[in-house]
Amino acid sequence: MKGLTYFSIALLFLILIGLIYKSVPILKETSFGNLFFSTEWQPLKMKFGLLPFIISTLYVTIVAVVISVPLCLLTAIYLSEYADKRVIAFVNPLIDILAGIPSVIFGIWGIIEVVPLVRDYIAPAFGTTSSGYTILTGGIVLSIMIFPIIIHVLLEVFETIPEDLKNASLSVGATKWQTVKLVILRKAAPGVISAIVLGLSRAFGETLAVLMVVGNVIMIPISPLDPGYPITALIANNYGEMMSIPLYDSALMLASLILFVIVLVFNFISRRILKNIERKIA
Amino acid sequence: MKKETEILVPLMTEVCDEGNICVEGLNVYYGDRQALKDINITLPAKKITAIIGPSGCGKTTLLKCFNRLIDSIDGTKVTGKVMLNGEDIFDPHADVIKIRKKMGLLSQRPYPLPMSIYDNVAYGPRIHGIRKKSELNQIVEYYLREASLWDEVMDRLNTPASGLSIGQQQRLCLARGLAVKPEIILGDEPTSALDPISSAHIEKKFVEFKNKYTIVMVTHILRQAIRIADYIIFMYLGEIIEHGPAHQVLDNPKDKRTSDYIKGIIS
Ligand SMILES: Nc1ncnc2c1ncn2[C@@H]1O[C@H](COP(=O)(O)OP(=O)(O)OP(=O)(O)O)[C@@H](O)[C@H]1O
Ligand SMILES: [Mg+2]
């Protein structure tokens, strides 16, 4: 066990070092501003502006979390505080199944169901037209994909709240809903944040389903109904092609490094928060 | 130690006097297991009643029936009546909120709500519609004084309640319960997690409160029952074996199981 742990830590560092090593050439050749604040991505002209990709990644992720978190919170509250034991026994495996569905299936579902929904209903409702391949579409698909992980963490968090604490609130005449709102959610707040962060870090890294529905147009998306081009899609679509272009490979490695660091940081933060909760409860 | 006051308890009569808690034919099941078996008892108003008995005999269950916290446990079944001021607590049309408001609860370990000291005491009143800051200030101070906590916390009312010592937390929970003006205080081994001084604090409060509140307290500490109880109920395996004025049950138990328990043979 110990050996395996060290092995995975070593692997993590090896990947990190590899990515940094491969990113060095482009960092040397191109100015910081031209990499991170430029919207021009023209590899043949040696222009590698990563901004559209970074913004798209953040945008899709945030849309996904904004859609997902309220639904997950309500679901978790219902399951842990209101639902019958039989409902929980029935729903829990379903959530696990959702977690196990391959990404590509979500992508196809996105193309068949969500793209037309956005194209035919949501965009017209806001008075615009759209191909349906948008940030919003990616966000909706992604929100369903991060559902299971967020719900799982939330259920565990709610599980740790002592029955007697709820009773303390009920015993002064609070209703169940008041108890949920004023006591349980407050007590669970750090855990809720950690669930959100975990969902975020999962969402950042998700590739296939998103790239199938998000449009892959290199531009800075302003409205959620604009198309976008997340970092993961950039890497997946282009790595291995056009590698003869100088620095192209290095630019993609830099993009990977950015993604890797973002995910690492978010994972680290959520772990810290979870540890804190566990310590407080013990 | 002996108390001279004889208490007139209307045992098993048709009438349930104002303030008394009259339990009639109460049965409680957790799934298939019966935790309370045909409980019939009247708990006298404005007295301290101690419920004693070995672990698992149903003391907590009985308390949870009084404020209907038993409702929130999955798979329970309750039959029988608990009458209070002419109303059956288990009447399907009974207002659970109103019932719970009438009863303050102290649990085995203090559970301050995850908010400030002030907000803990103001929690109940706010829920029941009091919004005015000046009124809340008054309530908070009054009940913190009632629980003898005011002097210790007056300069840090807005700090988290979790920063208090366990003994202080339990007094805070007392103040929180009192702030909704209950008639009854239910204590489930309220001193078992506390140090001797904090325990003495709570005991002293209970004795002081006797004329204002009906107090029902579960305890594992016989000496505590001797010190403060007027009336004692001894339970065993989900049944009430014996009950009566404290000195009678403790000094002249009629049932062998009671005397065995008091002697420490069953515990
Ligand atoms: N939530 C529950 N589900 C199933 N059975 C329960 C539950 N709570 C209590 N019981 C059972 O009911 C019986 C009475 O429990 P109760 O907690 O009322 O005992 P108690 O007298 O308060 O014990 P203690 O002195 O240990 O607190 C016990 O046999 C217990 O195992
Ligand atoms: Mg108990």
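Residues numbered from 1 in each chain as written. Chains lettered and ligands numbered in written order. Predicted model: local features only at pLDDT ≥ 70, side-chain atom pairs only at ≥ 80, totals over all residues. Heavy atoms only, no water.

Caption draft 1: Inspection of the overall build of chain B at higher detail. Scanning chain B for helices and strands turns up ten helices and ten strands. Whereas a compact globule of 267 residues would reach a radius of gyration of roughly 18 Å, chain B reaches 18 Å, a difference of no more than 12%. In chain B, which comprises 267 residues, the proportion classed as buried is 55%. Intrachain contacts of chain B at a sequence separation of at least 6 include 66% that bridge at least 24 residues. (Helix = DSSP H or I, 4+ residues; strand = E, 2+ residues; numbered from the N terminus. Rg over C-alpha atoms; globule rule 2.2 N^0.38 Å. Buried < 20%, exposed > 50% of the residue type's maximum accessible area, 1.4 Å probe, protein only. Contact = heavy atoms within 4.5 Å.)

Caption draft 2: Fine view of helix α7 (residues 196–209) of chain B. Residues and elements named next belong to chain B. In this model α7 runs 20 Å from its N-terminal to its C-terminal C-alpha over 14 residues, within 8% of the 20 Å that 1.5 Å per residue would give. Every buried residue of α7 is accounted for by S198, S199, I202, E203, K205, F206 and F209. Considered in projection along α7, the buried side chains sweep an arc of 155 degrees and stay on one side of the axis. Those residues of α7 that are exposed and angled more than 90 degrees off the buried face are P196, I197 and K204. (Expected span 1.5 Å × (residues − 1). Arc of directions from axis to C-beta.)

Caption draft 3: Structural detail: the state of the cysteines. Residues and elements named next belong to chain B. Scanning all chains against the criterion turns up one disulfide over all chains. A disulfide bridge connects C16 with C22, and the sulfur atoms are separated by 1.9 Å. Because the sign of the S-S torsion sets the handedness, a value of about 90 degrees for the bond joining C16 and C22 places this disulfide among the right-handed ones. When sorted by exposure, C16 lands in the same class as C22, which is buried. No disulfide involves C65; its nearest neighbouring cysteine sulfur is the one of C57, lying 13 Å away. On the accessibility criterion, C65 (0% relative accessible area) is buried. (Disulfide = S-S within 2.5 Å.)

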